[in-house]
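Secondary and tertiary structure notes
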Amino acid sequence: MKWIEAASYEEMSKLAADLFKAQLKEHKQSVFGMATGGTPEGFYQELVASYQAGEISFAEAISFNLDEYIGVAPENKVSYHYYMDAHLFNHIDMKRENIHVPTGNVADVEKAATDYDAAIEAAGGIDMQLLGIGVNGHIGFNEPGSSFEVGTNIVELTESTREANKIYFDKPEDVPTHAITMGIKTIMQSRKIVLLISGASKQEAYDRLRSGEVTEDFPASALHNHPNVTVIYTGVK
Ligand code: PGA
């Protein structure tokens, strides 16, 4: 695991975008894993700015997002479909058919989960996966206790995750109770992983990841078993 301290949120975002841009320049058909949340907003701004400046093109790239709420329609502003369009996809040249976000509002979500892993495999696997980290150490929506051996699946969100995400909803009770998420097994199959950690609310998660302990009680610790992880962090001590 490679640790890079960034002097600011902007620098963290730029360093992460530089890794994705380098990957794209090396291989224009790259398959990217994308993440949502407050942390990567600056990262997406950097990618959009580079695209608009003519430095990069996503015309042949493919993307797979980590997760989506169950029971939330793609056009709903709190959905991760909506987030991704607003922050990235509406502003770049990635083909719509190459954009994948797990579907959380279909009758058969279990099938949607299995199909999602099959689609990632059919695309050749993920070359570079972006991750954030939850205050409880979750990656994607894989909450503490998640098996490291499970692929994309349906999970119940913990109270701490629902608490952290309520800022995006009108009422706290509107935060969904379940989500579809790439499993830790799916994430670990990515060839390269870039994890962003920003801000004092992540201090405990940062400390625990830094300790090196590997346990299913702390999902991000699975990453210690991955050969190519870069952690870019800021705002933690
Ligand atoms: P955040 O979410 O970037 O909004 O803090 C990270 C996560 O929960 O994975």
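Everything that follows concerns the structure shown earlier in this document.
Below, the structure is looked at part by part. (Residues numbered from 1 in each chain as written. Predicted model: local features only at pLDDT ≥ 70, side-chain atom pairs only at ≥ 80, totals over all residues. Heavy atoms only, no water.)

Section: the site of the ligand
As a matter of local geometry, the ligand sits amid Gly37, Gly38, Thr39, Gly132, Ile133, Gly134, His138 and Lys202. Glycine 38 has a polar backbone atom sitting 2.8 Å from an oxygen atom of the ligand. One of the side-chain N or O atoms of threonine 39 is found 2.4 Å from an oxygen atom in the ligand. Protein burial of the ligand: of its 280 Å² of free accessible surface, 78% is covered by the chains. Partitioned by chemical class, the residues of the shell around the ligand number one nonpolar, six polar and one charged. (Near = heavy atom within 4 Å. Polar contact = N/O pair within 3.5 Å; in protein donor to acceptor, adjacent residues only side chain to side chain. Areas by Shrake-Rupley, 256 points an atom, 1.4 Å probe, with all protein chains shown as cover. Nonpolar A, V, L, I, M, F, W, Y, C, P; charged D, E, K, R; others polar.)

Section: the side chain of threonine 181
Locating threonine 181 in the fold gives a position in strand β8 (residues 178-181). On the basis of relative accessible area, threonine 181 is assigned to the buried category, the value being 0%. Within the structure, the side chain of threonine 181 is placed 3.0 Å from the backbone nitrogen of phenylalanine 141, a separation counted as a polar contact. Those residues in contact with threonine 181, other than ones at most four positions away along the chain, are Leu66, Asp67, Gly140, Phe141, Asn142, Gly151, Thr152, Asn153 and Val155. (Helix = DSSP H or I, 4+ residues; strand = E, 2+ residues; numbered from the N terminus. Buried < 20%, exposed > 50% of the residue type's maximum accessible area, 1.4 Å probe, protein only. Contact = heavy atoms within 4.5 Å.)

Here we look at the packing of helix α2 (residues 41-52) against helix α3 (residues 80-87)
How two helices sit against one another is set out by the angle between their axes and by the gap between those axes. Where α2 contacts α3, the axes come no closer than 9 Å and their chain directions differ by 40 degrees. When the interaxial angle is binned, α2 and α3 end up oblique. Taken together, the residues of α3 that come into contact with α2 (itself represented by Glu41, Tyr44 and Val48) are Tyr83, Met84 and His87. The class makeup of the residues in the contact of α2 with α3 is four nonpolar, one polar and one charged. (Axes fitted to C-alpha atoms, helices over the stretch in contact; angles between N-to-C directions. Parallel < 35°, antiparallel > 145°, perpendicular 65-115°, else oblique.)

Section: the sheet that holds strand β2 (residues 31-34)
Read across the sheet, seven strands follow the order β1-β10-β9-β6-β2-β3-β5 without closing on themselves; strand pairing throughout is parallel. With one partner strand each, in any of the chains shown, β1 (2-5) and β5 (99-100) form the two edges of the open sheet. Note that strand β9 (residues 192-198) and strand β10 (residues 229-234) share six bridges and pair parallel. Bridging from a neighbouring strand, valine 194 pairs with threonine 230 of β10. (Pairing = 2+ DSSP bridges.)

Everything listed is a geometric property; what it means functionally is a separate question.
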